[in-house]
Amino acid sequence: MPAATSGSPPGRLESLARRLPRPPVTEADFTSRLHDERLAARLGLWLGAAFGICFVTGVLSSMIQQPPGWFVWPTRPVGLYRWTQGAHIVTGVATVPLLLAKLWTVYPRLLTWPPVTSVVHALERVGVLVLVAAAFFQVVTGIQNAASWYPWGFFFPPVHNAMAWVLAGALLVHVGVKLPVTRRALRAPLDGDDSHRDDDRHDGGDQDDGGDRDDGDNRDDGDNRDDGDDRPSRRAVLVGAVAAAGVAALAVAGQTVPWLRSVAVLAARSGEGPQGLPVNKSAVSAGVVAAASDPAWRLVVAGPDGDVVLSRDDLLALEQQTADLPIACVQGWSATATWTGPRLRDVVALAGARPGAADVRVVSLQQRGGYRASTLPALHAGDDLTLLALRIGGDDLVLDHGYPCRLIAPSRPGATQTKWVSRLEVAA
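Residues numbered from 1 in each chain as written. Predicted model: local features only at pLDDT ≥ 70, side-chain atom pairs only at ≥ 80, totals over all residues. Heavy atoms only, no water.

**Q** I would appreciate a short explanation of the overall build of the protein chain in the present structure.
**A** Each helix and strand in the protein chain was counted, giving eleven helices and eleven strands. Taking all 428 residues of the protein chain together, 46% fall into the buried category. Partitioning the contacts of the protein chain with sequence separation of at least 6, the portion at a separation of at least 24 is 72%. When the accessible surface of the protein chain is split by element, carbon and sulfur atoms take 61% of a total near 20600 Å². (Helix = DSSP H or I, 4+ residues; strand = E, 2+ residues; numbered from the N terminus. Buried < 20%, exposed > 50% of the residue type's maximum accessible area, 1.4 Å probe, protein only. Contact = heavy atoms within 4.5 Å. Areas by Shrake-Rupley, 256 points an atom, 1.4 Å probe, with all protein chains shown as cover.)

Following this line, the structure appears as structure tokens:
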């Protein structure tokens, strides 16, 4: 917002604020060239791009899991969700160095004196608080989710999705408020002459409380320094922050890109596990070992013609389809396997359902948890590559991968690829 000048009368709120005791340190005491709008604006562009990718891919993931009536997610390419969710996690991790660099650049603004100059200024500062709090919440909880660490008591997906909208709204408001400053900052050379320091740094600049500095006491806070100055330039900080974001992204991208797994030192999942696939939830933690191992297990298919009950041998007797499909988890990891089993459309047809005509609810033996059941859209239910998988790589599924049978469908989140399937319900 425009800075107050010595010739303009202060507003009532500013007058009240000036009567407060001046703190020992204010924004004016930070004279480093790095606490500058030009660096902040450029870091903001990179951070905004990363947050934008995170927001779009995150909202997509949420809608795939809980689709509104108008939403359609395609079945091809089969790895589409793998790449969108991989991009979500990779850019989320990349925001960490960018966010820290941005906040370090602008944190002296927290010490602006007086702290508020008008009601509008006060609202702007509250908006910044919401923006920073939402950004930290999303980054921290997102990384914790990727590591399967849940120290909180809430169900992560809906809260994370709701906070994404809060962050997006706060960011748009902030961009709108700061647009004049940002445009000015981007027009100025990053490491150019600092003699024209932006007025926005000194809101309420000429003060009667001892905050004035005479011209002779001006500090050299720019790049007009002796040749021997070895402090970093703004460009060096910008390049360093972007490079750090790139390294962080590379260190986690191996969860999605198999040939990068050797350098994925920050990846929570490496692609290793029984039968070559990671396991998020084991049969023991799901409490299904006894039920899934029971020879009396049966699959119930509820369709228009009534219920059909099938044993595993019955499923093996149906025409078997083999497909190479990825498991792509919402936590960012993904791995491809060769799956074999009957097509879901053939199974539900036994109960009188027309292939691809209706959604199918897939229910697990698991009794608790947000993903004990999933709804498969009609488009996916009728796809030739959607299987009730009985084998991986020619071997029977192990318990941790869903024995006696599990769902596997193209371009779906791993959380909705229900394991230990016990019931199929065709929507009316």
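Moving on, there is more to tell.
**Q** What exactly am I supposed to notice about the pairing of strand S11 (residues 421-426) here?
**A** A regular strand places its side chains on the two faces of the sheet in alternate fashion. Strand direction decides the pairing type here: strand S1 (residues 299-303) and S11, joined by three bridges, are parallel. Following the sheet pairing, Val301 is matched in S11 by Leu424. Sheet topology places strand S5 (residues 360-364) next to S11; five bridges connect them, and they run antiparallel. Each residue of the ladder has a partner; that of Val360, found in S11, is Val426. (Pairing = 2+ DSSP bridges.)

**Q** Which parts of the structure should I look at to understand the sheet that holds strand S6 (residues 373-376)?
**A** In a beta sheet, neighbouring strands pair by backbone hydrogen bonds and run either parallel or antiparallel. Taken in spatial order, the five strands line up as S2-S1-S11-S5-S6 in an open sheet, and their pairing is mixed. Edge positions in the sheet fall to strand S2 (306-310) and S6, since each of these pairs with one other strand and no more. In this sheet, neighbouring strand axes are inclined to one another by 15° on average, regardless of whether the strands run parallel or antiparallel. Where S5 meets S6, four bridges bridge the pair, whose relative direction is antiparallel. Bridge pairing links Val362 to Ser374 in S6. (Axes fitted to C-alpha atoms, helices over the stretch in contact; angles between N-to-C directions.)

**Q** Is there a simple way to think about a nonpolar patch on the surface in this case?
**A** On the surface, Val25, Trp104, Tyr107, Leu110 and Leu111 cluster together into a nonpolar patch covering about 450 Å² of accessible area. Looking at the element boundaries, Tyr107 is found in the loop between helix H3 (80-106) and helix H4 (119-146). Classification of Tyr107 by relative accessible area gives partly exposed; the value is 33%. (Patch = residues over 30% accessible without salt bridge, like charges linked within 9 Å, V, L, I, M, F, W, Y side chains within 5 Å. Salt bridge = Lys/Arg side-chain N within 4 Å of Asp/Glu carboxyl O.)

**Q** Quick question: what am I supposed to make of the pattern of salt bridges here?
**A** Pairs may arise between side chains of opposite charge once their charged atoms sit close together. Overall, the coordinates contain 15 salt bridges when judged by the stated rule. A salt bridge links Arg76 to Asp383; the nearest nitrogen and oxygen atoms lie 2.9 Å apart. Here the residue Arg76 occupies a position in the loop between helix H2 (37-65) and H3, and Asp383 occupies one in the loop between helix H11 (378-381) and strand S7 (387-389), the gap between them amounting to 307 residues. Given the relative accessible area of 40%, Arg76 is considered partly exposed.

**Q** Help me out: how do you make sense of helix H5 (residues 156-187) in this one?
**A** Think of an α-helix as turning once every 3.6 residues; residues three or four places apart then point the same way. A maximum bend of about 65° is found in H5 at Leu179, where proline Pro180 lies one to four positions downstream. Within the span of H5, buried status applies to Phe156, His160, Ala164, Leu167, Ala168, Ala170, Lys178, Val181 and Ala185. Tucked inside the fold, the buried residues of H5 contact H2, H3 and H4. (Bend = angle between axes of the 7 residues up to and from the residue.)

**Q** So what exactly am I meant to see when it comes to the packing of H3 against H4 here?
**A** Two packed helices can be described by the angle between their axes and the distance between those axes. Running from amino to carboxyl end, H3 crosses H4 at an angle of 155°, the nearest separation of the two axes being 11 Å. Considered as vectors, H3 and H4 are oriented roughly antiparallel to each other. Crossing angle aside, the handedness with which H3 passes H4 is left-handed. Between H3, through Thr95, Val96, Leu99, Leu100 and Leu103, and H4, the contact on the second element is made entirely by Val132, Ala135, Phe136, Val139 and Ile143. Among the residues making up the contact of H3 with H4, the classes are represented as nine nonpolar, one polar and no charged. (Parallel < 35°, antiparallel > 145°, perpendicular 65-115°, else oblique. Left-handed = near helix turned anticlockwise from the far one by under 90°. Nonpolar A, V, L, I, M, F, W, Y, C, P; charged D, E, K, R; others polar.)

**Q** Help me understand the sheet that holds strand S4 (residues 334-341), please; the structure alone is not making it clear to me.
**A** Spatially, the four strands line up as an open sheet ordered S3-S4-S8-S9, and their pairing is antiparallel. Of all strands in the sheet, those bounded by a partner on one side alone are strand S3 (321-328) and strand S9 (395-396). Pairing of S3 with S4, which is carried by eight bridges, proceeds in the antiparallel orientation. When the bridges of S4 are listed, Gln321 appears paired with Gly341.

**Q** What am I meant to see in the nonpolar core here?
**A** Grouped burial of nonpolar side chains is what soluble globular proteins tend to show. In terms of nonpolar packing, the biggest core is built from 30 residues, with Leu299, Val301, Leu315, Val347, Val348, Leu388 and Leu424 touching the most fellow members. Elements supplying a minimum of two residues to this core: helix H7 (283-286), S1, S2, helix H10 (344-349), S5 and S11. The residues contacting Val348, other than those within four sequence positions of it, are Val301, Ala353, Val360, Leu424 and Val426. Within the second largest apolar cluster, 28 residues are counted, among which are Leu34, Leu47, Ala170 and Leu238. (Core = buried A, V, L, I, M, F, W, Y, C linked by side-chain atoms within 4.5 Å.)

**Q** How should unusual backbone geometry be read in this particular structure?
**A** Glycine aside, the phi torsion of most residues is negative, and most peptide linkages are trans. Going from Arg76 to Pro77, the amide bond is cis rather than trans, its omega being -5°. In this fold, Pro77 is placed in the loop between H2 and H3. Cis geometry marks the peptide bond from Tyr403 to Pro404; its omega dihedral reads 15°. Here Pro404 lies in the loop between S9 and strand S10 (406-408). Positive phi outside glycine occurs at Ser411, with the angle close to 55°. Among the secondary structure elements, Ser411 is positioned in the loop between S10 and S11. What makes Ser411 buried here is its relative accessible area of 2%. Its identity as a non-glycine residue notwithstanding, Trp420 has a phi of 55°, on the positive side.

**Q** Looking at this model, I keep getting lost on the packing of aromatic side chains. Mind explaining?
**A** The geometry of an aromatic ring pair comes down to the distance between the two centres and the angle between the two planes. Evaluation of the coordinates by the stated rule reveals ten aromatic pairs. Measuring from ring centre to ring centre gives 5.1 Å for Trp152 and Phe154, while their planes differ by 5°; the resulting arrangement is stacked. A residue is classified by how much of its surface remains accessible, and Phe154, at 30% relative accessible area, is partly exposed. Taken together through their ring pairs, the aromatic side chains of Phe137, Tyr150, Trp152, Phe154 and Phe156 make up a single cluster. Over the aromatic face of Trp83 sits the side chain of Arg82, whose NZ or CZ is 5.9 Å from the ring centroid. (Phe/Tyr/Trp six-rings, centres within 6.5 Å; stacked < 30°, edge-to-face > 60°. Lys NZ or Arg CZ within 6 Å of the ring centre and 35° of its normal.)

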